[in-house]
Amino acid sequence: MNDSNQNKCFFIALLPSQEVQDVANQIKDHFAETYNSKAAKKSPPHVTLQPPFEWQWDNVSQLSQALTTFAKNHIPIPMTLDGFSAFKPRVIFINVVKTPELLRLQKDLSDYLETYLNIVHEVAQHRPFHPHLTVAFRDLKKSAFHSAWQEYQDQCLQFNFTVSHLTLLLHNGKQWDIYQEFAFHDLSLLSPS
């Protein structure tokens, strides 16, 4: 069978600064070691903008070009992380503040993907966008959730940073890898008039 025309699984996200990724990965390691929850380690720390979707590998350049165009029409966005929250009884995450810039970017991307590439995530269309950075999910047993939530619910964690690009991630059969990054329009490159 020719692998080139098979569908591959992708998703689109914002990745935080390296400092934040390092902290989030330490927290994921703690969940893996203490609560036997390793699923969150299968992707880099991220905020999902477009949930996983299938795309034909032969047409990946079309997807890349569309995301390049989209990113060039948007500026870097500020992001604030503030403490921990949960989708009980299985998911614990670092809370991402719902800024107008982040909400607008997610809506713009969702509309753009639907209009130009016919990429639609039916479930996501019918629920409000809830940005978050997962540190434990799916394999966090309900019995461990209570202990883990007791440990994390009141922990202080605060980060402010700017995200300068969109990231396209590709599933390799075992985990999610960064496939390509798309730089947002850099306002500092504009010359004053």
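Above this text sits the structure in question.
Predicted model only: the values in this text are computed from it and were never measured.

Thoughts on the packing of aromatic side chains
Counted by the stated rule, this structure contains 12 aromatic pairs. For the ring pair Phe-31 and Tyr-152, a centre distance of 4.9 Å and an interplane angle of 25° mean the geometry is stacked. Within this pair, whereas Phe-31 is found in helix H1 (residues 18-35), its partner Tyr-152 is found in helix H5 (residues 142-152), the two being separated by 121 residues in sequence. Seen in terms of ring centroids, Phe-145 and Trp-149 are 6.4 Å apart; in terms of plane orientation they differ by 20°. Their pairing is stacked. Of this pair, Phe-145 and Trp-149 both sit in helix H5, 4 residues apart, which is roughly one turn of the helix. Like Phe-145, the residue Trp-149 is buried in the burial classification. Counting every residue linked through ring pairs, the aromatic cluster contains Phe-10, Phe-53, Trp-57 and Tyr-179. For the cation-ring pair, Lys-8 lies above Trp-57, with the distance from its terminal atom to the ring centre recorded as 5.7 Å.

Some points on the sheet that holds strand S7 (residues 165-171)
One open sheet holds the 4 strands; their spatial order is S2-S1-S7-S8, and the pairing between them is antiparallel. Two strands lie at the open edges of the sheet, namely strand S2 (47-56) and strand S8 (176-183), each paired on one side alone. Pairwise comparison of adjacent strand axes, ignoring direction, gives a mean angle of 25° for this sheet. With 4 bridges joining them, strand S1 (residues 7-14) and S7 adopt antiparallel strand pairing. The residue of S7 that forms the bridge with Phe-10 is Leu-170. The strands touched by helix H3 (residues 100-117) are S1, S2 and S7; relative to S2, the strand with the most contacts, the crossing angle is about 15°.

Remarks on the side chain of Ser-43
Structurally, Ser-43 is set in the loop between H1 and S2. When near neighbours in sequence (up to four residues on either side) are disregarded, Ser-43 contacts Lys-28 and Trp-176.

A closer look at H5
Restricting attention to buried positions, one finds in H5 the residues Ala-144, Phe-145, Ala-148, Trp-149 and Tyr-152. For H5, the buried positions fall inside an angular range of 135° around the axis, keeping them on one side. Residues Ser-143 and His-146 are exposed on H5 and point more than 90 degrees away from its buried face. Each element contacted by the buried residues of H5 is listed here: H1, strand S3 (77-87) and strand S4 (91-96).

What about the sheet that holds strand S5 (residues 132-136)?
Backbone-to-backbone hydrogen bonds pair the strands of a sheet. The strands run either parallel or antiparallel. Strand order in the open sheet formed by 4 strands is S5-S4-S3-S6, with antiparallel pairing between adjacent strands. The sheet terminates laterally at S5 and strand S6 (158-163), the two strands that pair on one side only. Between one strand axis and the next, the sheet turns through 35° on average, direction left out of account. Two strands pair when backbone bridges link them, and S3 and S4 are joined in this way by 5 bridges, in the antiparallel orientation. The residue bridging Leu-81 from the neighbouring strand is Val-96, located in S4. Across the sheet, H1 lies against S3, S4, S5 and S6, angled at about 30° from S5, the strand it touches most.

Each value, and the rule that gives it
- Residues numbered from 1 in each chain as written.
- Predicted model: local features only at pLDDT ≥ 70, side-chain atom pairs only at ≥ 80, totals over all residues.
- Heavy atoms only, no water.
- Phe/Tyr/Trp six-rings, centres within 6.5 Å; stacked < 30°, edge-to-face > 60°.
- Helix = DSSP H or I, 4+ residues; strand = E, 2+ residues; numbered from the N terminus.
- Buried < 20%, exposed > 50% of the residue type's maximum accessible area, 1.4 Å probe, protein only.
- Lys NZ or Arg CZ within 6 Å of the ring centre and 35° of its normal.
- Pairing = 2+ DSSP bridges.
- Axes fitted to C-alpha atoms, helices over the stretch in contact; angles between N-to-C directions.
- Contact = heavy atoms within 4.5 Å.
- Arc of directions from axis to C-beta.

By themselves, these are just geometric observations and shouldn't be taken as functional.
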